[in-house]
Amino acid sequence: MAAYTVEDKTRLDNERTHAPGHLDLLEAHAVFVLREVAAECERPVLLFSGGKDSAVLLRLAEKAFRPGRLPFPILHVDTGHNFPEVLDFRDRRVAELGEDLVVAHVQSSIDQGRVTDPGPGASRNRIQSVTLLDAIEAHGFDACIGGARRDEDKARAKERVLSFRNAFGQWDPRNQRPELWYLYQGRVRAGEHLRAFPLSDWTELDVWGYVKREQIDLPSIYFSHRRPIIERSGMLLAASEWTSPLEGERVEEADVRFRTVGDATCTGAVRSLARDVDEVIAEVAASRVSERGATRADDRFSESSMEDRKREGYF
Amino acid sequence: MTAYAIPVVEPSATEGGILRIATIGSVDDGKSTLIGRLLHDSRQLLDDQVSALATASRRRGAAALDLSFATDGLRDERDQGITIDVAYRYASTPRRKLVIADCPGHVQYTRNMATGASSADLAVSVVDVTAGLRDQTRRHCCVAALLGVRSMIVAANKMDLVGWDRDAYEAVAAEMRALAARTGMDAVMVIPVSALNGDNVVERSESSPWYEGPTLFEAIDAAPAVAWANGGSEGSRLPVQWVLRGPGKGRAYAGMVSGGTIGSGDEVVILPSGLRSTVSSVSTHDGPLGRAHPPLSVSVTLADDVDAGRGDMIASSASPPEVLGTLDATICWFSAEPIRPGNRYRVKHTTRVLPARVEGLEGRMDLESLQLSAAAELRENDIGRARLVLGGQIAADAYRSNRLTGSFVLVDEVTNATLGAGLVELDGRTVDRSGL
């Protein structure tokens, strides 16, 4: 049997003339997923961290549901360790959209004795799961739409677009629902819920390409700025009221930017002079270190830290 | 052989769209290692990912870098040395973005393989030349072909273990070409590789001077893209997903173009009601479109105030799909609880959800002969033919002509678990289009 023929190649070239680009296809799919979740679930919510992925997610939600209102509120799980630029950005975006914001505070979970305070300066990343699951239960959410991408981590790479969580919020990676074609199945029983990931097939570069194309506003800390930092186990942590130098460490002024935005105590910066989206895209394309490898202290802890957190109900 | 000879792929080089690839084949034939090798040698594993692989490999006593860990990301997978569920990895060739679904080979996880293959344009089938074709090689090829994957690249793997013996390669190549032809694959290419050592994956091997074809990476770059969502539907298909309403605006029907193309002025029919109208506009949030192609998400307005909502399909009135109250379908069964005549399920087809009852089983498919033989039930990982009676009607095309409007899933009415996948068959019906 012949391999690919000249006719195949010609046909391909003809088809491509009219074919949408890869960002158009990613956008179309994400919009489809958002509409399926809104239609199939009783009480969905959109998780918003103030990071670039959730900023893209909000833009896609507008594309899916305008001129109507978004058919879900926006939930921010606030660890209390925030970059002020990110909170400003969150409040600005929510006000522009005119949508409802729910804030769930990790500090409240600590005050109520739901979780133990890991202590000043320690990361609250892991204990966010409790706050998130409590918020899900309190509001009766049956689907949490998040901006996680499969290229971020090897456990995320295994996860369905609509990912089932049992009544304890747990992910069972050995026993996921089959998910064929575009047939996303959104129904759950009371107490169970879904995590929905419309950006599953996007990479970090896709997100930046889309930010550029759509001129999406982002917190300023994604671009190069000068700030005091502390180098710790190869990570550049922002010096702040929660993070101060340990013995043998020193505070240094450096030109940095953030590749991800999360809990300020465990999100590392990268040295960078990239001041705008084009420069960031060039930098990311040339980088030999992955997004989380460069910036997330929590994922360096063990080989399966993301898998373990996801089993507990993490984002 | 020198690794790292390939230039880093520029992000702008993806105007060739997206090619979706699924790896298929038996457990232990080397699918995950091959994908790890492909990513590694095309410099698409980053430095921290390579060092994490090295640590994980050392921890499990591997002598060298175990590249299968690039996709086997779960702890259980690494400890057991098998793939349990699909891993999605993203890469680029000079022409296109790749979405690679690395599927499990074990028979127990066929449901996960089907998940990965259902949206694939291209199958990369891995065969261990020291073992030849196995049951799972045939099963996966059959499932991929049934799911509509029309082209396949075969990696004849572990060539280093047979001393790059050309006869061993030719034997596997001949068997795989015969299998592909029997299952209905159009294009197949067989490449002799060693995933372990990287021969003919990204870098051309010096061990196979008799092989003049492309490397795997080159073959993937050149593989024909299948605009599969176009299906074979000439007429437009738009399953209504959501009704958009804004202050002072009319109703717009939002959904994914799932066949043909749709544009203003098109004469359409709303199914299953049969009401007719004309498309006034097709747009996205960014503004009006000329003609919209699959699989774009759009919204359309109609000239008439007709009743339409989620679950209805807007379709070309000149070339509509079939409206069906009973379904003849090929069923891929995933549940440990068998499917039997009389059982009740929920069907999700496009955006429509209906109750269904199994009226009869026509038989179970033998994966060697591809013939149906009588069966009282289909068990986990079986494929067969069934007739379902629906608690309503759906507008469907045959799966072989349209993957989006010809597919459905069977869902447990109580637990909401997805139990099986269905492919609509229309060959038992007399479809007379002569008058259209």
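Residues numbered from 1 in each chain as written. Chains lettered and ligands numbered in written order. Predicted model: local features only at pLDDT ≥ 70, side-chain atom pairs only at ≥ 80, totals over all residues. Heavy atoms only, no water.

Caption draft 1: Representation of the overall build of chain A in the model. Broken down by element type, chain A carries 10 helices and 10 strands. Buried positions account for 62% of the 315 residues belonging to chain A. Contacts in chain A between residues at least 24 apart in sequence constitute 72% of all its contacts with a sequence separation of at least 6. If you sum the accessible surface of chain A, you get close to 12,000 Å²; carbon and sulfur atoms cover 50% of it. (Helix = DSSP H or I, 4+ residues; strand = E, 2+ residues; numbered from the N terminus. Buried < 20%, exposed > 50% of the residue type's maximum accessible area, 1.4 Å probe, protein only. Contact = heavy atoms within 4.5 Å. Areas by Shrake-Rupley, 256 points an atom, 1.4 Å probe, with all protein chains shown as cover.)

Caption draft 2: Inspection of the pattern of salt bridges at higher detail. Residues and elements named next belong to chain A. Using the criterion set out here, one finds 60 salt bridges over all chains in the structure. With a shortest N-O distance of 3.2 Å, Glu62 and Arg93 are connected by a salt bridge. Of this pair, Glu62 sits in helix 3 (residues 52–65) while Arg93 sits in helix 4 (residues 84–97), and the two are 31 residues apart along the sequence. Residue Glu62 is classed as buried on the basis of its relative accessible area, which comes to 13%. Residue Glu152 is joined to Arg156 by a salt bridge in which the shortest nitrogen-to-oxygen separation is 3.5 Å. (Salt bridge = Lys/Arg side-chain N within 4 Å of Asp/Glu carboxyl O.)

Caption draft 3: Seen up close, the interface of chain A and chain B. Contacts between the two partners involve 74 residues from chain A, matched on the other side by 100 residues from chain B. Roughly 7,300 Å² of surface becomes buried between chain A and chain B when both sides are summed, with 55% attributable to carbon and sulfur atoms. Summed over the shared surface of chain A and chain B, the result is 11 salt bridges. Between Lys348 of chain B and Glu36 of chain A there is a salt bridge, with the nearest N and O atoms lying 2.6 Å from each other. Sort the elements by how many residues they give to the side of chain A that touches chain B and helix 2 (residues 22–40) of chain A lands first, with 13 residues. Partitioning the side of chain A that touches chain B into residue classes produces 31 nonpolar, 11 polar and 32 charged. (Buried area = accessible area lost by both parts, 1.4 Å probe. Nonpolar A, V, L, I, M, F, W, Y, C, P; charged D, E, K, R; others polar.)

Caption draft 4: Structural view of the domain arrangement of chain A. All names here are of chain A. You can read the domains of chain A as domain 1 (21–205 + 306–311) and domain 2 (219–299). Here the C-alpha centroids of domain 1 and domain 2 sit 24 Å apart. Across the contact, 25 residues belong to domain 1 and 23 residues belong to domain 2. A buried area of about 2,000 Å², summed over both sides, lies between domain 1 and domain 2, and 55% of it is on carbon and sulfur atoms. (Domains from an automatic or database assignment.)

Caption draft 5: Region of the structure containing the nonpolar core. Trp208 of chain A together with Met152 of chain B are the most contacted members of the largest nonpolar core, which has 149 residues in total. No other element matches helix 2 of chain A, which puts 10 residues into this core. Counting 24 residues, the second-largest nonpolar core is a separate cluster that includes Ile339, Val358, Leu378 and Ile394 of chain B. (Core = buried A, V, L, I, M, F, W, Y, C linked by side-chain atoms within 4.5 Å.)

Caption draft 6: Representation of helix 2 of chain A within the structure. Here helix 2 of chain A contains 19 residues, and its C-alpha end-to-end distance of 27 Å stays within 8% of the 27 Å for a straight helix at 1.5 Å per residue. Most of helix 2 of chain A is tucked away: 17 of the 19 residues are buried. (Expected span 1.5 Å × (residues − 1).)

Caption draft 7: Local environment of the sheet that holds strand 1 (residues 18–24) of chain B. Residue and element names in this part refer to chain B. Read across the open sheet, the six strands follow the order 2-3-1-4-5-6; overall the sheet is mixed. The open sheet is flanked by strand 2 (87–92) and strand 6 (187–192), the only strands paired with a single partner. Shown here is a sheet whose adjacent strand axes are inclined to one another by a mean of 25°, direction ignored. Examined bridge by bridge, strand 1 and strand 3 (residues 97–102) share six bridges and lie parallel to one another. Bridge pairing in strand 3 links Arg20 to Val99. Where helix 6 (residues 166–183) meets the sheet, it contacts strand 4 (122–128), strand 5 (151–157) and strand 6, and its direction lies at approximately 160° from that of strand 6. (Pairing = 2+ DSSP bridges. Axes fitted to C-alpha atoms, helices over the stretch in contact; angles between N-to-C directions.)

Caption draft 8: Geometry of unusual backbone geometry. Between Arg66 of chain A and Pro67 of chain A the backbone carries a cis peptide bond, its omega angle lying at 10°. If you trace the backbone, Pro67 of chain A turns up in the loop between helix 3 and strand 2 (74–78). Here Leu271 of chain B and Pro272 of chain B are connected by a cis peptide whose omega angle stands at 10°. Counting through the fold element by element, Pro272 of chain B comes out in the loop between strand 11 (267–271) and strand 12 (275–284). A positive phi angle is found at Lys158 of chain B, which is not glycine, with a value near 65°. If you trace the backbone, Lys158 of chain B turns up in the loop between strand 5 and helix 6.

Caption draft 9: Structural context of empty space enclosed by the protein. Under the defined criterion, the tally for this structure stands at nine cavities of 30 Å³ or more. Within this model, the second largest cavity holds a volume of roughly 190 Å³. Lining the second largest cavity we find 16 residues, and of these Trp181, Tyr184 and Asp201 of chain A together with Arg20 and Ser119 of chain B sit closest to its centre. (1 Å grid on protein atoms, 1.4 Å probe; cavity = no way out; pocket = protein on both sides within 12 Å on 5 of 7 lines; lining within 4 Å. Points joined across faces, edges and corners; volume = space filled by probe spheres on them.)

Caption draft 10: Looking closely at the sheet that holds strand 3 (residues 101–105) of chain A. All names here are of chain A. Across the sheet, which stays open at both edges, the six strands sit in the order 3-2-1-4-6-5 with mixed pairing between neighbours. Taken across any chain shown, the strands that pair with only one partner, and hence form the sheet edges, are strand 3 and strand 5 (162–165). On average, each strand axis in the sheet is tilted by 30° relative to the strand beside it, whichever way the strands run. Across three bridges, the pairing between strand 4 (residues 143–145) and strand 6 (residues 193–196) is parallel. Looking at strand 6, one finds that Ile145 is bridged to Ala196. The strands that helix 3 touches are strand 1 (44–47), strand 2 and strand 4; relative to strand 1, the one it contacts most, it runs at about 135°.

Caption draft 11: Structural view of the packing of helix 3 of chain A against helix 7 (residues 204–214) of chain A. All names here are of chain A. Contact geometry of helix 3 with helix 7 gives a least axis separation of 10 Å together with a crossing angle of 55°. With respect to each other, helix 3 and helix 7 are oriented oblique. Our pair here, helix 3 against helix 7, has a crossing hand that is left-handed. Mapping the contact onto sequence places Lys52, Asp53, Val56, Arg59, Leu60 and Lys63 in helix 3 and Glu204, Val207, Trp208, Tyr210, Val211 and Glu214 in helix 7. Considered class by class, the residues forming the contact of helix 3 with helix 7 number six nonpolar, no polar and six charged. (Parallel < 35°, antiparallel > 145°, perpendicular 65-115°, else oblique. Left-handed = near helix turned anticlockwise from the far one by under 90°.)

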